[in-house]
Each structure stands twice: as structure tokens, then as C-alpha cells.
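Below, each chain spelled out in residue letters.
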Amino acid sequence: MKFLSILAFLVISTVSAFAADWSFIQDRLNDPVYSGPSGLEGNVVGDSIHIFGINTETPPGNNDPLRYWPGLSAESTTEFTGFTLEASASLNGSGSGYMYGITIWGDRSHYIMYGLDFDASVPYQPSKWTAYGGMPIPEIMPTWTILGGPINDPNGLHQVKVELAGGVARFWFDEVLLDTTSFSMPNAKLRLGAFARANGDTVDASYSSIVFTPVPEPATMAVFGLGLLAFIKRRRK
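Residues numbered from 1 in each chain as written. Predicted model: local features only at pLDDT ≥ 70, side-chain atom pairs only at ≥ 80, totals over all residues. Heavy atoms only, no water.

A. Quick look at the sheet that holds strand β4 (residues 70–76). Strand order in the open sheet formed by 7 strands is β1-β4-β13-β6-β7-β8-β9, with antiparallel pairing between adjacent strands. Two strands bound the open sheet, and with one partner strand each, they are β1 (22–28) and β9 (143–146). Each strand of the sheet is rotated relative to its neighbour by a mean of 20 degrees, with strand direction disregarded. By the bridge criterion, 7 bridges tie β1 to β4 in an arrangement that is antiparallel. If you follow Ser-23 over to β4, its bridge partner there is Glu-75. (Pairing = 2+ DSSP bridges. Helix = DSSP H or I, 4+ residues; strand = E, 2+ residues; numbered from the N terminus. Axes fitted to C-alpha atoms, helices over the stretch in contact; angles between N-to-C directions.)

Right, here's the structure in full:
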């Protein structure tokens, strides 16, 4: 019984350490490895992530959609074979467009982002952005799919859930399953971000009451297994 208690403590401690490990990165809706300034800032406090600010970037040219939508994301510093993310999310802002997005990130050509989008043609509708192998990002935009109609109380708290399990991504909004999409990468990171479309636009996005349940990638589990084996050997001596 004592052994099982120690084992449970080791597993819980390992998962808790992963769940708390985030770093902020500058990115862009159409180029997730973009590292230029966005004018946004963020913080992690307890089980909440807050991203806010004004887009201070001036894109080159008059109509270059590839250079819009800079953002800021909190990214897990560890890759996982799967995870479940549940949170209460809110979105506010001003200007021509703003959104929040929860991204299953494999690499710049393999990712799925679920979120809530506002611009002139999309008044607070859940949406999905996807990129698959071979996309010459940032030369073209990722695929954009609207997942539902305009929501009630767009600036209030809404329940979001993203799951990656067995190579399949799923997205729930207010407890309604809106999307199921295959994901081919063996491991992925999680990003929680916010974006403001054009210069002068603002965004204020919050993720609160976050519950993040990760499945560590194989290398991490191998290290854990070696530690567990050493622990068992010590008990037998």
C-alpha cells in the first residue's frame, strides 16, 4: 500500500510540474514562428492566463493579409503525446478584428488552432485554423473554418475544451462538440494565445480555471520509468 501511495505521488508530481510550465512567445495567425513585436503582453497567475494589449505593428503595403494578425501565446515548454485542456475563456477588444486561439502545435506546417473570432464578417463565431504538411507558410494562409453561428453573450465567460488523444483533436465550446480532426504528428505542444488584426486594434483575452491534463511524450516517460525501476530495486535490497 505504501508503495502504491509513493507511486501515485510521483505520477501526480510529474504531471503537475508539466502543467505549470509555460513560456510566452510572439507569433502570428499565418506564421506561428514569427518573432517580431506585437504590442501585446501576458501573464500567468495561478490557474489563469491573461493576454492583452494593442497591435503596434504597421504591416508593409496597403493590403497584405499575410502581415496582419500578430499575437502572443503562452506555450507549454514540454511536448506531449496527448492532453486535455479545459478552461473558462473570455474575449474583449476593439477595432477591425481580434480573437483568442488554443493551438495544438506540432510544427509550423502541422497545427490546429481552435478559438473565438471577431471581425467585420465574423461576429463572435467559434472557428478553426489548420495547417498540414507541405504548406509554405507564411506564403499562404492556413485553412480557416467557421464551426458555429454567432454566440450569445460574446464578452462573457464560455467553457472551452480541447483534447488530443490517439491522433485525433476535438474541440468543445460551451460543452457542445464542434469539431473532430485527425492530427498526424506524434507529439505536440499546447498554446493559449490572443491576436489583434491590424495596427491600433486591441484584444483582451483571459483563460481562467484552467485544468490541463497532459500525457508526457515517450522520452519523458522513459526517464520516469528508469527512476521508478531504480526505486523498486532499492526496495528489494
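B. Here's a closer look at the pattern of salt bridges. One pass over the full model with this rule turns up 5 salt bridges. Salt-bridge contacts for Asp-27 lead to Arg-191; the nearest nitrogen and oxygen are separated by 3.7 Å. Taken together, the residues span a long stretch of sequence, with Asp-27 in strand β1 and Arg-191 in strand β13 (residues 189–196) at a distance of 164 residues. Each member of the pair Asp-27 and Arg-191 is classed as buried. One salt bridge in this structure joins Arg-191 and Glu-75, with 2.8 Å as the shortest N-O distance. Residue Arg-191 is located in strand β13, and its partner Glu-75 is located in strand β4; the two are separated by 116 residues in the primary sequence. A single burial state applies to Arg-191 and to Glu-75, both of which are buried. Several salt bridges share partner residues, and in doing so they unite Asp-27, Glu-75, Lys-189 and Arg-191 into one network. (Salt bridge = Lys/Arg side-chain N within 4 Å of Asp/Glu carboxyl O. Buried < 20%, exposed > 50% of the residue type's maximum accessible area, 1.4 Å probe, protein only.)

C. Layout of the side chain of Thr-84. Here Thr-84 shows up in strand β5 (residues 80–94). Owing to a relative accessible area of 18%, Thr-84 belongs among the buried residues under this scheme. Setting aside residues up to four positions removed in sequence, Thr-84 forms contacts with Lys-161, Val-162, Glu-163, Val-211, Phe-212 and Thr-213. (Contact = heavy atoms within 4.5 Å.)

D. Expanded view of the packing of aromatic side chains. Applying the stated rule across the entire model yields 12 aromatic pairs. Ring centres of Phe-83 and Phe-212 lie 5.6 Å apart, and the angle between their planes is 65 degrees; this geometry places the pair in the edge-to-face category. One end of the pair, Phe-83, is in strand β5; the other, Phe-212, is in strand β14 (residues 202–216), with 129 residues separating them in the sequence. Neither residue differs from the other here; Phe-83 and Phe-212 are each classed as buried. Pairing Phe-171 with Phe-173 gives two aromatic rings, centres 6.5 Å apart and planes at 55 degrees, and the pair type is tilted. Look at Phe-173 and you get buried, because its relative accessible area is 6%. (Phe/Tyr/Trp six-rings, centres within 6.5 Å; stacked < 30°, edge-to-face > 60°.)

E. Structural view of the environment of Gly-53. Turning to its location among the elements, Gly-53 is positioned in strand β3 (residues 48–54). A C-alpha to C-alpha distance of 6.7 Å links Gly-53 and Asp-204, two positions 151 residues apart in sequence.

Shape is all these values report; function is a separate question.
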